[in-house]
Structure formats: structure tokens, C-alpha cells
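# A closer look at the structure
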Amino acid sequence: MVNAMSDLHKLFSQRLSRHAGQLLKYLRLVFTDHFVIALFFFFGALGFAYQNELKSLTTTVWWGPWLTLLILVITLQMGRLATLLESADAVFLLPAETTLHQYLKHARNYSLLMASFIQLAVGVVLLPFLARGDRLSLLEAGVVIVTQLISKAAWMNWQLRQSVQQLKSANRQVRLVNWLGALVIFGLSLLVSVWVGLVAGVIAFITSVVGVGKRLQQGQLAWQSLIANENGRLL
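In this report, the structure presented in the accompanying data block is examined.

### Some thoughts on the packing of helix α2 (residues 33–55) against helix α5 (residues 100–132)
Taken N-terminus to C-terminus, the directions of α2 and α5 make an angle of 10 degrees; their axes are 10 Å apart at the nearest point. On the basis of their axis angle, the class for α2 and α5 is roughly parallel. Considering the relative orientation of α2 and α5, their crossing is left-handed. Facing α2, whose interface residues are Y50, L54 and K55, α5 presents V125, L126, P128, F129 and R132. Its residues assigned to classes, the contact of α2 with α5 shows 6 nonpolar, no polar and 2 charged.

Okay, here's the thing in C-alpha cells:
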């Protein structure tokens, strides 16, 4: 059992290393010198316009919390579960299916780390708007960002839960819960209290941990769905 888990950990590490090498190869082709210079000027102009708009916000605007809510909900959907599974795995890894949950947990942890960078980047960009448009203190803005990270961890757990064989209708329900849950959590944070939103995020995370643990112990892996999702992620 220990050897099987160790082999799966080694397999994920090997695939992650190969995946990182492929990404670096593609990034070298995309981010040429001219493209980097163009991006530098584009984001510089965008940042300058953002700064000027913030200066014009002398009072709290009614649409501030709603715009922030929309941005946070959309950002939460960024960063999917990267399993790095291949089509042949449905055959060659089938005998290790009972221990493959550990492989998927490694994939979840890696995916969450990468997705957290996106959440943090958007949160940092939003900080000035949270202060000027939503009139939040630095502490309250920090709580919103922490809530975003906790909610992303819960969202990733629900994605891992979908890796177990279940009905398509159940998968649709999980996706619906992801969107509605995000709306409720950030709605509470921005329209009621950041602390209430934080508590809601923690409850969602604990629920996701319990849910994914029970599902991984009970169900079989949805190989076709897993591989199709991974192929779709790479497109």
C-alpha cells in the first residue's frame, strides 16, 4: 500500500515536471521581446487609467460592491483542477484505482497553489478599489481576500469530488452550487459584513472537505470525465 502510494506520488511529480517543461517551451514561443514590450505598455496604460478612475471616487458608489462581487465570483472560477491524466491511464492505472485518490489529492494541492496566485493577484489589484469604491479598511479588504482563498479551496475540493463516478445531474448540481455559493459568500462579505462572509467561506470549506472525503471513500473514479476534462483544460 505504501509502495503504491509512493509510486503514484512519483508518477505525479514526473508528469508535473514534464508539464512544467512544456509550459516553459510554449511561453518562450509566445512571450517574445516585442510581445513583452507591448504588454508592458498595455498594462502601464491600464494601470494609469485605473489610478485616475480611483481618484475620481471621492465618495462610496452604490455600484462598487456589486462590481466587486461580479469580479470576485468570476475570478473564483479561474484555475481548474489539473490532474495531468492521460488517455492510457484508464487502462494502465485501473488496477491502482483504490489508491489513486492520493494522486488526485496531489493534483488538487498543486492546482490550488496555482489558482491561489490568480486569486491573490486579482485581490491585490482590487485593494485600492475596495478602499475607495467600497470604503473598506485595510483589515476588511484583507479579510475579503482571505475569504476568496478559502472559497477557492472549497471550490477545488468540489471539483475533486466530481472526479468520482456519479450522475451527470449531480455534476450539474455541484457546478450550480459553486456559482451560487460564491454569490452568497461574497454577497455577505460586501453587502453585510466581511466577517460574516469569512464565516460562510469557512463553513463552505469544511463542508467541501467532509464531502470530498466521503465521496472518495465510497465511489469509483469517473475515468472518461477525468480524462475529457484534462484534455479540455489543455486546449
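Still more ground to cover, so stick around.
### Focus on a nonpolar patch on the surface
On the surface, W62, W63, W66, L67, L70, I74, M78, I118, W179, L191, V192 and V196 cluster together into a nonpolar patch covering about 1200 Å² of accessible area. At the level of secondary structure, the elements contributing two or more residues to the nonpolar patch comprise α3 (64–76) and α7 (168–191). No other element matches α3, which puts 4 residues into the nonpolar patch. With respect to the helices, strands and loops of the structure, W62 is situated in the loop between α2 and α3.

### Side note on the nonpolar core
Proteins that are soluble and globular tend to have nonpolar side chains buried together. Core analysis: the largest hydrophobic core is formed by 24 residues, its most contacted members being L100 and Y103. Of all the secondary-structure elements, those providing two or more residues to this core are α1 (2–30), α5, α6 (138–161), α8 (194–218) and α9 (223–234). Looking at this core element by element, the count peaks at 7 residues for α5. For L100, the residues in contact, after removing those within four places along its chain, are L8, L93, L221 and W223. Ranked by size, the runner-up nonpolar core spans 17 residues in total, among them L76, L126, L136 and V194.

Reading the values: the criteria
Residues numbered from 1 in each chain as written. Predicted model: local features only at pLDDT ≥ 70, side-chain atom pairs only at ≥ 80, totals over all residues. Heavy atoms only, no water. Axes fitted to C-alpha atoms, helices over the stretch in contact; angles between N-to-C directions. Helix = DSSP H or I, 4+ residues; strand = E, 2+ residues; numbered from the N terminus. Parallel < 35°, antiparallel > 145°, perpendicular 65-115°, else oblique. Left-handed = near helix turned anticlockwise from the far one by under 90°. Contact = heavy atoms within 4.5 Å. Nonpolar A, V, L, I, M, F, W, Y, C, P; charged D, E, K, R; others polar. Patch = residues over 30% accessible without salt bridge, like charges linked within 9 Å, V, L, I, M, F, W, Y side chains within 5 Å. Areas by Shrake-Rupley, 256 points an atom, 1.4 Å probe, with all protein chains shown as cover. Salt bridge = Lys/Arg side-chain N within 4 Å of Asp/Glu carboxyl O. Core = buried A, V, L, I, M, F, W, Y, C linked by side-chain atoms within 4.5 Å. Buried < 20%, exposed > 50% of the residue type's maximum accessible area, 1.4 Å probe, protein only.

What is shown is where atoms sit, not what they do.
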